[in-house]
Amino acid sequence: MAETEASPKPTCTNCGKEMSRKGDFCRHCGQKKFDGRIRMSELFSKFLHNITHLDGQFVRMMWQLLVPGKVTTEYFKGRIKAYPHPVQFFFVVMFFFLLVIHKIAEEHGGAFQTTVDGDNKKVVIPTSDLLKHYADGLEIQTMYEHMPDSLQTPEASQVVSRITQKFSGGLDTLVGSNLADTSSRIDSVPIFILSHPVTISLIDLQKMPFEELYATYKINGWKERTLAKQFIRSMRDNQAFSNSIISSLTWTILVMSAVMAWLLYLFFRKRRSYYVEHFIFLLHYFSGVFLVMTLLCAIEAFVFKVPGFIWFLAIILLETGLFLAIKRFYFTRIGRTLLAWLLFNFLGMITFVLAFTLGMLLVFLIF
C-alpha cells in the first residue's frame, strides 16, 4: 500500500498537469486518460459524433424537414438552438447519400450497357479492371499469333482460347467481339483530343508509360498531352474517376444554392430580408430532398429494386413540397408562389447543369 501511495500521480497527456488516480478525466482541461492505444470502435464512434451529432436535434430535424418550410420558419423565429447548423446538417445528409450511391455503383459489376435509339445497338462502358483484363487477354492472344506456325497447334489454340476467355471477363460478349476472332476483335480505342481523333491500342492504353505514348502516337503540345493524359488516366482507373464526379455533386448543390439564393433575394426584394435567409431556406430544402433520395437509394441498394412509379411519386411530392415551402416561408399568395416555383425550377435546372458540367471539367483536369 505504501509503495502504491509513493508512486507518482499520472499526468495529463494534453496539458501536462497532474491527474487524479481515480478519475478518468483531467480536472484542468477535461482530457480523458490516454494509454497510447485507440480502439477502432472508439475512433468510429467519435467520428460519427463529430460529423453527425446524432442526438435529439438531428432526429427532430430529419422528420420536421418533411413538413415544407417548417424548419426554416422556426429557425428564423429564433429557435436556432433547437436545430443543427444548416451547413453541417447538409454535409451530413450528402455524406450518407454519396455513401449509398457509391454502393449502388459498385454493385453494377464489370460494365454498364444501354440501348441506343431504341434499337439493338449497345453502348458499353467497362470498368478499368475489366478493361485491363481484356487487354491482358488480347496481349496473350497477340503473342500466340506471332509464334511459329509449327507451335500453333489445335490443342494450343484451344488452351489459349480458354485462357483469353477467362481474361476477357465477359467484355467480349458484351461488345459482340471475340479475342480469338481477328475479324471482330476490338484491339484499339479512339480518343478525341481537341476534335482530333487518335486511335490507341488497348494494350498500350493500359500499360504504356505516358511519355512513350506521346511519342508513339505523335501527341504533341501541352494541351493535347494534358487532355490525353487525363483521358487515359480516367480509363485506367474509371472507378475512382466516377467516384470523384459523384462526390462533386455536393459542391454542385452548394453552388446552385448560392446562385438560386441570390435570385430569390432579388425576386423577394420587397421582403427586405438578408441573403443568408434565402441560402438557409435552400439548404434546408435540399437537405430534405436528399434525405428522401438517400432513403430510396438505400432501399434500392440493400432491400429491393424501387419501382419507377415510386421514383416518379417521390419527385411529385418533392416538387409539391417546394411549392408549399415557398408559400409558407415567404407568406406569398398562390399566384406569386406559383411564379416563384416555376422560375426556381427553370433557372435551377440551368444552374445545376452549368455547375455540374463545370464540376466535371474540374474533376477531369485535376483527377
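Residues numbered from 1 in each chain as written. Predicted model: local features only at pLDDT ≥ 70, side-chain atom pairs only at ≥ 80, totals over all residues. Heavy atoms only, no water.

## So, the overall build of the protein
Summing up its helical and strand segments, the protein has 16 helices and four strands in all. Taking all 367 residues of the protein together, the buried fraction comes to 36%. Look at the contacts in the protein between residues 6 or more apart in sequence, and 57% of them connect residues 24 or more apart. Accessible surface, the protein: about 22,900 Å² in total, of which carbon and sulfur atoms supply 64%. (Helix = DSSP H or I, 4+ residues; strand = E, 2+ residues; numbered from the N terminus. Buried < 20%, exposed > 50% of the residue type's maximum accessible area, 1.4 Å probe, protein only. Contact = heavy atoms within 4.5 Å. Areas by Shrake-Rupley, 256 points an atom, 1.4 Å probe, with all protein chains shown as cover.)

## Here's the deal with the confidence of the model for the protein
Averaged over all residues, the pLDDT of the protein equals 77, while 71% of them reach at least 70. Averaged over each element, pLDDT in the protein is lowest for strand 1 (residues 111-115) (43) and highest for helix 15 (residues 308-330) (93). In the model, residues 109-119 has pLDDT below 50 throughout and makes 26 contacts with residues more than four positions away in sequence or in other chains. Residue range residues 121-125 is modelled with pLDDT below 50. Its contacts to residues more than four positions away, or to other chains, number 19 contacts. (pLDDT = per-residue confidence, 0-100.)

## Side note on the pattern of salt bridges
For the coordinates displayed, the defined rule picks out three salt bridges. The closest approach of N and O atoms between Glu74 and Arg79, which form a salt bridge, is 3.2 Å. When its relative accessible area of 15% is taken as the criterion, Glu74 is described as buried. A residue is classified by how much of its surface remains accessible, and Arg79, at 42% relative accessible area, is partly exposed. Residues Lys305 and Glu300 are paired through a salt bridge, measuring 3.5 Å at the closest nitrogen-oxygen approach. Taking the relative accessible area as the measure of exposure, Lys305 reaches 66% and is therefore exposed. The class for Glu300 is partly exposed, based on a relative accessible area of 23%. (Salt bridge = Lys/Arg side-chain N within 4 Å of Asp/Glu carboxyl O.)

## Some details on the nonpolar core
Judged by nonpolar contacts, the single largest core of 44 residues is most densely connected at Phe97, Phe281, Leu282, Phe286 and Phe290. Listing elements by their share of this core, those giving two or more residues are helix 3 (56-64), helix 5 (86-106), helix 13 (249-267), helix 14 (275-302), helix 15 and helix 16 (334-366). For this core, the element with the most residues is helix 14, which contributes eleven residues. Apart from the residues within four sequence positions on either side, Phe286 is in contact with Phe90, Ile253, Met256, Ser257 and Phe344. Judged by nonpolar contacts, the second largest core, of 19 residues, contains Ile203, Met208, Leu213 and Ala228. (Core = buried A, V, L, I, M, F, W, Y, C linked by side-chain atoms within 4.5 Å.)

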